[in-house]
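Survey of secondary and tertiary structure
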Amino acid sequence: MEDFMHAAVCPAGQRRPDPQRALAFVSDPGFGGICLFVGRIRNHNLGRSVEGISYDIHPRLAENLFRQFGEEIRAELGSSVRLFVEHACGRLGVDDIAVVVAAGTPHRDEAFRACRALIEAVKHRAPIWKQEHYVDGSSAWSEGCSLCGHVHSGHG
Amino acid sequence: MEDFMHAAVCPAGQRRPDPQRALAFVSDPGFGGICLFVGRIRNHNLGRSVEGISYDIHPRLAENLFRQFGEEIRAELGSSVRLFVEHACGRLGVDDIAVVVAAGTPHRDEAFRACRALIEAVKHRAPIWKQEHYVDGSSAWSEGCSLCGHVHSGHG
Amino acid sequence: MIRIQLELYGACRDLHSQDRVEIDLPEGSTVADLRERLPAAFDRADPQRAAELVRCSAFATDAALLRDADPLPGNGSLAILPPVSGG
Amino acid sequence: MIRIQLELYGACRDLHSQDRVEIDLPEGSTVADLRERLPAAFDRADPQRAAELVRCSAFATDAALLRDADPLPGNGSLAILPPVSGG
């Protein structure tokens, strides 16, 4: 049986998160709805001019957790679904794609819900850290979400 | 000033709704989030095997209403946004793309909300009619949403 | 009199042999007047089916939907929109 | 004794001169024991900053997050995860 989910970390300079690959992966003749989210590097954040972002990722854990998020979403939806997530790692510039998430399902409401749930999990629960590089030459790690409250049983 | 919205009806055989064109149109260096929805022809509906769908569209009114939906969404969001909608017209087969909707905004929550609001308006308020063609050779117009309750003042 | 050219869409296409209906109505007629006269103008459907479909349909110019109280457009050109099913 | 090889990520990288910390802990130690010992093992940050960051960080193997009560993995290999900011 073909895998319902694709999850990958893309090292900068080697491979980019790709919306077209996402749409192709989550498509199925039984699916009427595909929802895709693309996260890109903005030229500003919290009032400061940004010229780039470095993403630090624990790649093995990230891919395992992406897959765990996918299993949770599939169980929650209770319908057939195909999921895709790719997150860039390393130094990116303005306009570069940081993350692509997509969900294909029979109907559109499920596609929106699955895509939203997956990007929220990637944002709040995946081992990914963002260091912003400002136009003035300084850099700072972004404030983040503590994972202390997210430890699930049965995986230790 | 460049237009914030692209809205078009795509006659089958001439032009297809295109996700890549949508992503390019709604992108902006100030935008961090893009949400895209793709509606495709499924191989079944309500338990019947479908081999194609014909879309009948009032093209001039559709493009005017798409634009009205966009103005409503922009006013509702109260943030900068770029919107894209293309809907196929005529006979399509299974897997063909019927509709592409996309929204680009500074943050992801707005992108999801704008994209969802636009596809819901296209589904429920646009002058588009779907005739399903079944594998057994028969055809039927889909049950739909009456527009009688959707008449707005000031546009007659 | 004003000559109405009514474009048919969706299931309304099955009510008539052509893709538009022509009806003459008195000057000053409204959308409601057109709605009342319309079912008898179709040449293909039984009157009850036509009446049902017309009752749940909207009317529109190329620019916008019309209300029942609106006057018919001066150029006589409009469309009947049965319940929609896009996407 | 068990030798812990702790990979550093995100802001925790700024606490130390290398990208991992080695600590020896008694057999049977838990994640909570590691959390307590860890701040003193960093060589670059002031102790208060290190303690604050360790307090709100999680620990994980390559497969999953760990709870404070979990035993340290037999191969000694794990990572400290400060608050995350993906996407």
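For the structure given in this document, a descriptive report is provided here. (Residues numbered from 1 in each chain as written. Chains lettered and ligands numbered in written order. Predicted model: local features only at pLDDT ≥ 70, side-chain atom pairs only at ≥ 80, totals over all residues. Heavy atoms only, no water.)

**Brief notes about the interface of chain A and chain D**
This is how the line gets drawn: A contact between two residues is defined here by any heavy atoms of the two lying within 4.5 Å. For any pair of parts, buried area is found by adding up, for both, the accessible area (1.4 Å probe) each one loses once the two are put together. The salt bridge criterion pairs a side-chain nitrogen of Lys or Arg with a carboxyl oxygen of Asp or Glu, the two atoms within 4 Å. N or O atoms within 3.5 Å of each other form a polar contact, as long as, within protein, one can give a hydrogen and the other can take it, and as long as residues adjacent in sequence are counted only when both atoms are side-chain atoms. Gly is placed with the polar residues, together with every amino acid not listed as nonpolar (Ala, Val, Leu, Ile, Met, Phe, Trp, Tyr, Cys and Pro) or charged (Asp, Glu, Lys and Arg).
Between chain A and chain D, the residue contacts involve 33 residues of the former and 28 residues of the latter. When chain A packs against chain D, the two sides together hide about 2500 Å² of surface, and 59% of this comes from carbon and sulfur. The tally of links from chain A across to chain D stands at three salt bridges. Among the salt bridges present, the one from Arg13(D) reaches Asp56(A), with a minimum N-O distance of 2.7 Å. The interface formed by chain A and chain D contains 15 residue pairs in polar contact (both at pLDDT 80 or more). Each residue belonging to the side of chain A that touches chain D can be placed in one class, and the counts come to 16 nonpolar, eleven polar and six charged.

**A few points about the interface of chain A and chain B**
Rules: What counts as a helix is a DSSP run of H or I of at least four residues, what counts as a strand is a run of E of at least two, and both are numbered from the N terminus. Whether two strands pair depends on DSSP finding at least two bridges between them.
Listed as interface residues are 34 residues of chain A and, on the opposing side, 34 residues of chain B. Summed over both partners, the interface of chain A with chain B comes to about 2800 Å²; 53% of that surface belongs to carbon and sulfur atoms. Our count for the contact surface shared by chain A and chain B stands at four salt bridges. Linking Asp109(B) and Arg116(A) is a salt bridge whose minimum nitrogen-to-oxygen distance equals 3.0 Å. For the interface between chain A and chain B, the tally reads 15 residue pairs in polar contact (both at pLDDT 80 or more). Of all the elements in the fold, those that place two or more residues in the side of chain A that touches chain B are helix H1 (19-26), strand E2 (33-40) and helix H3 (108-125) of chain A. Considering each element in turn, the side of chain A that touches chain B owes the most residues, nine residues, to H3(A). As paired elements, E2(A) and strand E2 (residues 33-40) of chain B share seven bridges and run antiparallel to each other.

**Overview of the packing of aromatic side chains**
Residue and element names in this part refer to chain A. Heads up, the condition is: Each Phe, Tyr or Trp ring, with Trp reduced to its six-membered ring, pairs with another whose centre is within 6.5 Å; inter-plane angles below 30 degrees give stacked pairs, above 60 give edge-to-face pairs, and intermediate values give tilted ones. Buried residues are those whose accessible area, probed at 1.4 Å on protein chains only, stays under 20% of the maximum for their type, while exposed residues exceed 50% and partly exposed ones sit between those limits. A positively charged side chain is recorded as over a ring if its NZ (Lys) or CZ (Arg) lies within 6 Å of the ring centre. The angle to the ring normal must also be within 35 degrees.
Summed over the entire model, instances satisfying the criterion amount to six aromatic pairs over all chains. Ring centres of phenylalanine 25 and phenylalanine 84 lie 6.3 Å apart, and the angle between their planes is 50 degrees; on these two criteria the pair is classed as tilted. In this pair, phenylalanine 25 sits in helix H1 while phenylalanine 84 sits in strand E5 (residues 82-93), placing the two residues 59 residues apart along the sequence. For phenylalanine 25, a relative accessible area of 19% corresponds to the buried category. For phenylalanine 84, a relative accessible area of 1% puts it in the buried group. One Lys or Arg, arginine 74, reaches over the ring of phenylalanine 4 and ends 3.8 Å from the middle of that ring.

**So, the sheet that holds strand E5 (residues 77-81) of chain D**
Two orientations exist for strands paired in a sheet by backbone hydrogen bonds: parallel and antiparallel. Ordered in space as E2-E1-E5-E3-E4 (chain D), the five strands form an open sheet in which the pairing is mixed. Sheet topology places strand E2 (20-25) and strand E4 (65-66) of chain D at the edges, where each strand pairs with a single neighbour.

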